[in-house]
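Structural characterization, general
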Amino acid sequence: MYCNFRKIVLVLIFINTATVYAQQLPNLIQYAKPIIGTAKMGHTFPGATVPFGAVQLSPDTDTIPYEFNGKYNPAVYQYCAGYQYSDKTIAGFSHTHFSGTGHSDLGDFLIMPTTGALQLNPGTADHPENGFRSTFSHDNEIAEPGYYKVKLDEPNVTAELTATTRTGFHQYTFPQTDQAHIILDMMSGIYNYDDKDVWTFVRVENDTLVTGYRQTNGWGRTRTVYFAMAFSKPFINYGCKDFSKRQPYRGFWGKFNQSKNFPDLAGKQLRLYFDFKTAENEKIKIKFALSPVSTANALENMSTEIPHWDFERTKNEAQQAWNKELNKISITAGSEEDMINFYTSMYHAALMPTVYMDVNGEYKGLDQNVHHADGFTNYTSFSLWDTYRAFHPLQNIIHPTRNADMVRSMLAHFDQSVLHMLPIWSHYANDNWCMSGYHSASVIAEAFIKGTMPVAEAEKALQACVTTARQRSYEGIGLYIDKGYIPQDKNGVSVSTTLEYAYDDWAIAQLAQHLGKKDIYDEFIKRSQNWKNVFDPSIGFMRPRLSDGTFKKEFDVLKTDGQGFIEGNAWNFSLFVPHDPAAMIEAMGGKKKFTAHLDSLFTMQLPDEFFAETEDITRDGIIGNYVHGNEPAHHVAYLYNWTDAPWKTQERVRMILKNQYHSGAAGLGGNDDCGQMSAWYIFSALGFYPVAPASDQYWLGSPAVKTATVQLENGKTFSVEAIDQSDKNVYVKKVLLNGQPLNRRYITHEEIMNGGKLVFYMSARPNTK
């Protein structure tokens, strides 16, 4: 009795202490606006999730198919996150979404509350009355970290959403009606097409519990997600309609009427409904848990994470988790818009990658077998072409333990790969092979070089990097090794891929040097110089070379399509030598000529015709010919630091911050790309940026904050102060680090992690000395 009483007291003390701690933190949620980026090119979602959560419970505003008449449907690009701010209807609320991507998948298990006559077709945006979708108004919509609310006009239902790591929590407030329905759409999805569902299975366990799974063949070709769905109130009837156009083999299941109150359902295109009678303002709640492994694990996830029906409690816990996340960096700024842009960036930089394991540690691996994550949290959805640049460097500062787990997840992926490769762009036990390079090598090398990962795990990690980089059959690596470049007649994005391999090879060389592996260092440092093999000194740009060694004759340095570059042109990609800017500048004619070249990039006008064929680049993301709305040039403004005009970095960075980030729904100039655009903002607002992520150096810019304090995991703090900072005072007179003059243009990772203070003295005039 005494022991039990003592345990209760200790638990109460712990809970009270946690609550007090949460209450003591400044309320930064007020500045994080999930609606930013939901219009035009941002491709973010406004719904409910927790930091790096496996569930992203969010509204989908249309059901645009991936293909139309057998061809790619360009309109689908708007719906990479399922939601477009300009839309007037909501088709339902699904449980999985990418944030900010330029291609897509997911949108699993769409739920929609309706009233009146049952309709199992979603209808159209022009005629929502012909289906179960509903009109809505942004005046009746609230989007906050961890919470989403909207009034659905036609059913007169208020929808509220919140989430834990693996479980979505719905709350629907109904009018008085004998015809209330909850629709579970198993066939809806993002980047959907008729045959995307390989198979779906639904089992009605009782009048409050439903389980099942969905297997799809999309961006991830063998993706299977299991679920458990619990209702707060028993349904009185249920049913299903199979929309399959071609009836698969059914055996002898025709003995049953499977359309109504039948508990064992399977097919490719199923929609289910559950009927209720509701009183005025009655709330029907749904807990919807996901698992990569089984319905039993989904149930365990649900019972562990939300063992109650208290929606407000779960919402408050989700928002406390977000407030804790946002408080990793506390700032003061010159305007509320600056506060909003900073903390919305912090929010967007904590959405992906996502947890990919159950509460018991199990997850499905790349080999489609069940694995157990021993001693680490397994993550998925690595958009590495984007995130190696600034997102992972940010995590190495504010979340080194989490980033170490992400690295371990990549190494587990390698162990399970029959191709013996690290992830390129992986999600849900699949590699979708999107984009170019093998940038997991950069993330891994950086983690060891910066001390995020223990040396004991480094040997295995280095071998994984080397094995991946020697995989001759993958995207021209064999040719790259043999010739020192990838020929354009063998690969349509030969130049950019050569440049990206060269950087990744440099990252591998740094890890090898860190471990004293001279033979590997020598091999990969030599490979890192391959950028020189695609540089044409006669024009001063990177240029495609053919198999015979000659440069491609028909070449346009402004055009993005067919010129040897992925999602960019020669003006932007020719500057991609982040590991050796000094040599690149020398090759381009020296500091003075390079400075003028860089000036032209930002001031010239790029006509629309030169990026018309590239859906990932629009006018909104372009300044002059500098493309900030896509990633390859994110380091470019910092290259003035290698010239005699570092003050131009300060000027350009502050201009980009103001031009490309705003507080409205269309506040992002391009895809947020799983937090990379946001991580660029965070670093640049603090006054420094990782030009070559696998180095330990962060190059100085011009801070947009007045003060900032980074809470480090080791208990120390690193502070930034910008004295006399304003929209006009964008130039740096001098910099002090821990009270001493900083007579170089960068700070090191060790200097940040040791704690201390970086002070910028700002001016309206450039320091040209």
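In what follows, the structure referred to is the one given above.
Residues numbered from 1 in each chain as written. Predicted model: local features only at pLDDT ≥ 70, side-chain atom pairs only at ≥ 80, totals over all residues. Heavy atoms only, no water.

With that settled, consider the overall build of the protein. In terms of regular secondary structure, the protein is built from 18 helices and 38 strands. Taken against the 2.2 N^0.38 rule, which gives 27 Å for 769 residues, the C-alpha radius of gyration of the protein at 27 Å falls within 12% of a compact globule. With respect to the three principal axes, the spread of C-alpha positions in the protein is 80 × 65 × 50 Å. By residue count, 62% of the 769 residues in the protein fall in the buried class. (Helix = DSSP H or I, 4+ residues; strand = E, 2+ residues; numbered from the N terminus. Rg over C-alpha atoms; globule rule 2.2 N^0.38 Å. Buried < 20%, exposed > 50% of the residue type's maximum accessible area, 1.4 Å probe, protein only.)

Bringing the nonpolar core into the picture now. If you look at the biggest cluster of nonpolar residues, it comprises 218 residues, and the most contacted ones within it are F93, F342, F688 and L758. Ignoring any residue separated from it by four or fewer positions in sequence, one finds F688 in contact with Y638, F683, Y698, W699, L700, G701, F718, V720, I747, I752 and L758. (Core = buried A, V, L, I, M, F, W, Y, C linked by side-chain atoms within 4.5 Å. Contact = heavy atoms within 4.5 Å.)

Moving on, we get to the sheet that holds strand β32 (residues 697–700). What the three strands build is an open sheet, ordered β31-β32-β37; its pairing is antiparallel. Whereas interior strands pair on both sides, the edge strands pair on one side only; in this sheet they are β31 (688–689) and β37 (746–748). In terms of strand pairing, β31 meets β32 through two bridges, oriented antiparallel. Residue pairing in the sheet places Y689 in a bridge with W699 of β32. (Pairing = 2+ DSSP bridges.)

Next up on the list: the packing of aromatic side chains. Each aromatic ring pair is described using two quantities: the centre-to-centre distance and the angle formed by the ring planes. One pass over the structure, following the stated rule, counts 51 aromatic pairs. Centre to centre, the rings of Y66 and Y191 are 5.4 Å apart; their planes meet at 40 degrees, and the pair counts as tilted. Highlighted residues: Y66 in the loop between β1 (58–60) and β2 (67–68) and Y191 in the loop between β12 (177–185) and β13 (197–206), separated in sequence by 125 residues. For Y191, a relative accessible area of 5% gives the class buried. When the ring centre of F243 is taken as reference, the NZ or CZ atom of R271 above it lies at 4.8 Å. Sitting over the face of the ring of Y485, R545 holds its NZ or CZ atom 5.0 Å from the ring centroid. (Phe/Tyr/Trp six-rings, centres within 6.5 Å; stacked < 30°, edge-to-face > 60°. Lys NZ or Arg CZ within 6 Å of the ring centre and 35° of its normal.)

Along the chain, the position of T96 falls in the loop between β5 (92–94) and β6 (110–115). Residues T96 and W506, 410 residues apart in the sequence, show an inter-C-alpha distance of 36 Å. Not counting the four nearest positions on each side in its chain, T96 is found in contact with A54, Q56, L106, G107, D108, I190, L290 and Y428.

It is worth spelling out the packing of helix α6 (residues 391–398) against helix α7 (residues 400–416) at this point. As a packed pair, α6 and α7 sit with axes 6 Å apart at the nearest point and diverge in direction by 130 degrees. With respect to α7, the axis of α6 lies oblique. Every residue of α7 that contacts α6 at F391, H392, Q395, N396, I397 and I398 is listed here: P400, N403, M406 and M410. Partitioned by chemical class, the residues of the contact of α6 with α7 number six nonpolar, four polar and no charged. (Axes fitted to C-alpha atoms, helices over the stretch in contact; angles between N-to-C directions. Parallel < 35°, antiparallel > 145°, perpendicular 65-115°, else oblique. Nonpolar A, V, L, I, M, F, W, Y, C, P; charged D, E, K, R; others polar.)

Read across the sheet, nine strands follow the order β8-β9-β10-β11-β19-β15-β14-β13-β17 without closing on themselves; strand pairing throughout is antiparallel. A single partner strand is all that each edge strand has here, and the edge strands are β8 (141–144) and β17 (264–267). Adjacent strand axes in the sheet meet at a mean angle of 15 degrees, parallel and antiparallel pairs treated alike. In terms of strand pairing, strand β10 (residues 157–163) meets strand β11 (residues 167–174) through six bridges, oriented antiparallel. Following the sheet pairing, A163 is matched in β11 by G168. Along the sheet, helix α2 (residues 295–305) contacts β11, β14 (209–216), β15 (223–231) and β19 (282–291); its crossing angle with β15, the most-contacted strand, is approximately 50 degrees. Along the sheet face, helix α3 (residues 311–326) touches β8, β9 (147–152), β10, β11 and β19 and points at about 50 degrees away from the line of β10.

Attention now goes to a nonpolar patch on the surface. A grouping of V418, L419 and W433 is seen on the molecular surface, where their side chains present a nonpolar patch of about 310 Å² in accessible area. Mapping L419 onto the fold places it in the loop between α7 and β26 (425–426). (Patch = residues over 30% accessible without salt bridge, like charges linked within 9 Å, V, L, I, M, F, W, Y side chains within 5 Å. Areas by Shrake-Rupley, 256 points an atom, 1.4 Å probe, with all protein chains shown as cover. Salt bridge = Lys/Arg side-chain N within 4 Å of Asp/Glu carboxyl O.)

For the rest of this paragraph, the subject is the pattern of salt bridges. Across all of its chains, the model carries 34 salt bridges by this definition. Its salt-bridge partner being K245, residue D194 comes within 3.0 Å of it at the nearest N-O pair. One end of the pair, D194, is in the loop between β12 and β13; the other, K245, is in the loop between β16 (237–242) and β17, with 51 residues separating them in the sequence. With a relative accessible area of 67%, K245 lands in the exposed category. For R402, the salt bridge identified is with E325, shortest N-O distance 3.9 Å. Residue R402 is located in helix α7, and its partner E325 is located in helix α3; the two are separated by 77 residues in the primary sequence. Residue E325 is classed as buried on the basis of its relative accessible area, which comes to 7%. Ionic contacts of the salt-bridge type, sharing partners, join the residues D105, D108, K196, D197, R214 and R223 into one network.

On to the packing of helix α8 (residues 440–449) against helix α11 (residues 494–514), then. For any two helices packed against each other, the geometry is given by the interaxial angle and the distance between the axes. As a packed pair, α8 and α11 sit with axes 9 Å apart at the nearest point and diverge in direction by 30 degrees. Accordingly, the angle class assigned to the pair α8 and α11 is roughly parallel. In the packing of α8 onto α11, the handedness of the crossing is left-handed. Note on element contacts: α11 touches α8 through Y503, D504, A507, I508, Q510, L511 and H514, opposite A441, S442, A445, F448 and I449. Per-class residue counts for the contact of α8 with α11 are eight nonpolar, three polar and one charged. (Left-handed = near helix turned anticlockwise from the far one by under 90°.)

All right, on to the pairing of β11 then. Here β11 lies mainly inside the structure; eight of its eight residues are buried. Between β10 and β11, which pair antiparallel and follow one another directly, the connecting turn spans three residues.

For S440, the position within the fold is in helix α8. For S440, the contacting residues outside a window of four places in its chain are L384, M410, L422 and P423.

Along the chain, the position of Y503 falls in helix α11. Take Y503: its relative accessible area is 0%, and that puts it in the buried class. Through-space distance from the C-alpha of Y503 to that of D548 is 24 Å; in sequence the pair is 45 residues apart. Ignoring sequence-local partners within four residues, the contact set of Y503 consists of Y388, S442, F576, P578, H579, A692, P693 and A694. Of note is the side chain of Y503, whose polar atom sits 2.8 Å from the side chain of S442. (Polar contact = N/O pair within 3.5 Å; in protein donor to acceptor, adjacent residues only side chain to side chain.)

Just distances and angles here, no functional claims.
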